[in-house]
Amino acid sequence: MEGTSRMDTKRNLIFAISVAVIITIYLLSRLTFPETIEFAYDQPKTANIIINFIKDGTYLTSQNYTQETIGGVVAWGPSLNYIFAPFLMLSKDPIFLSQLISIFNILSIFVVMLIGYLFYNKRVAIISGLTLATIPLWFIFSRMIYQP
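Note that the coordinates shown come from a computational prediction; the quantities given were computed from them, not determined experimentally. (Residues numbered from 1 in each chain as written. Predicted model: local features only at pLDDT ≥ 70, side-chain atom pairs only at ≥ 80, totals over all residues. Heavy atoms only, no water.)

**Student:** How would you summarise the overall build of the protein chain if you had to cite specific residues and measurements?
**Tutor:** The secondary structure content of the protein chain amounts to seven helices and zero strands. Going residue by residue from the N terminus, the α and β elements of the protein chain occur as α-α-α-α-α-α-α. Over its C-alpha trace the protein chain gives a radius of gyration of 19 Å, far above what one expects of a compact globule, namely 15 Å for 148 residues. With respect to the three principal axes, the spread of C-alpha positions in the protein chain is 65 × 35 × 30 Å. Within the protein chain, the fraction of its 148 residues that count as buried is 33%. Expressed as a percentage of contacts within the protein chain between residues at least 6 apart in sequence, the contacts between residues at least 24 apart total 67%. Counting every atom, the protein chain has about 9,500 Å² of accessible surface; 69% of that belongs to carbon and sulfur. Separation between the mean location of the 10 positive side-chain charges and that of the 8 negative ones in the protein chain comes to 11 Å. (Helix = DSSP H or I, 4+ residues; strand = E, 2+ residues; numbered from the N terminus. Rg over C-alpha atoms; globule rule 2.2 N^0.38 Å. Buried < 20%, exposed > 50% of the residue type's maximum accessible area, 1.4 Å probe, protein only. Contact = heavy atoms within 4.5 Å. Areas by Shrake-Rupley, 256 points an atom, 1.4 Å probe, with all protein chains shown as cover. Lys, Arg positive; Asp, Glu negative; His and termini not counted. Charge placed at Lys NZ, Arg CZ, Asp CG, Glu CD.)

Written out as structure tokens, the structure reads:
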């Protein structure tokens, strides 16, 4: 029995260290290289809409502050305003804003790892978390205000 608990403790420690390494890789890649943050056309446009919503919008008028996607539909509706409003209330600086969003998106790593752990095992959780932390498209989109 004692050998089993030591093995479990060792595995849990390895898992915790793996999670810490994944989060470190994620944060280092997202918070460094600020010159690679995309803030071109859609991001400022969306930010301005959300700033206007913060200034003048209410729950009942929140639909007026939405954007249509390329297909002509309102994909997220007013929920996008509520998702990004706290960040724009803290700062209007695009670099700082992108870094705040990056930090918030650590939740995505935890959710993917939790799903891998609950449905499979710790190894799948580590692999899926590391994959999401290093995938190039998520590197780009986890740092910007955008309407997916």
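**Student:** Can you tell me about the environment of D42, naming the residues and giving the values?
**Tutor:** Within the secondary structure layout, D42 lies in helix 2 (residues 42–56). On a C-alpha basis, the gap between D42 and I54 in space is 18 Å, while along the polypeptide they are 12 residues apart.

**Student:** Any chance you could break down the environment of Y41 for me, citing the residues and the numbers?
**Tutor:** Within the secondary structure layout, Y41 lies in the loop between helix 1 (2–31) and helix 2. On the basis of relative accessible area, Y41 is assigned to the exposed category, the value being 58%. C-alpha separation for the pair Y41 and P136, spaced 95 residues apart in sequence, amounts to 21 Å.

**Student:** So what's going on with the side chain of R143? Which residues, and what values?
**Tutor:** Mapped onto the elements of the fold, R143 is located in the segment after helix 7 (136–141). For the buried R143, no salt bridge exists, and the shortest N-O distance to an oppositely charged side chain is 7.9 Å, to E35. Reaching out from R143, the side chain makes a polar contact with the side chain of T36 at a distance of 2.6 Å. When sequence neighbours within four positions are dropped, the list of residues in contact with R143 reads S29, R30, T32, F33, T36, I37, S98 and S102. (Salt bridge = Lys/Arg side-chain N within 4 Å of Asp/Glu carboxyl O. Polar contact = N/O pair within 3.5 Å; in protein donor to acceptor, adjacent residues only side chain to side chain.)

**Student:** Mind laying out a nonpolar patch on the surface, listing which residues take part and the relevant values?
**Tutor:** Together, V111, L114, I115, Y117, L118, F119, Y120 and V124 make up a nonpolar patch on the protein surface, roughly 840 Å² of accessible area in all. Per element, the largest residue contribution to the nonpolar patch is six residues, and it comes from helix 5 (residues 106–119). With respect to the secondary-structure elements, F119 resides in helix 5. (Patch = residues over 30% accessible without salt bridge, like charges linked within 9 Å, V, L, I, M, F, W, Y side chains within 5 Å.)

**Student:** So, helix 2: which residues are in play, and what are the values?
**Tutor:** Helix length check: helix 2, at 15 residues, gives a terminal C-alpha distance of 21 Å against a target of 21 Å (1.5 Å per residue), a fit within 8%. Those residues of helix 2 not exposed but buried are Q43, P44, T46, A47, I50, I51 and F53. The secondary structure elements touched by the buried residues of helix 2 are helix 3 (79–90). (Expected span 1.5 Å × (residues − 1).)

**Student:** Which residues make up the side chain of S142, and what are the values?
**Tutor:** Along the polypeptide, S142 turns up in the segment after helix 7. Since its relative accessible area comes to 0%, S142 is described here as buried. The contact partners of S142, leaving out residues within four places of it in the chain, are Y26, R30, I101, S102 and N105.

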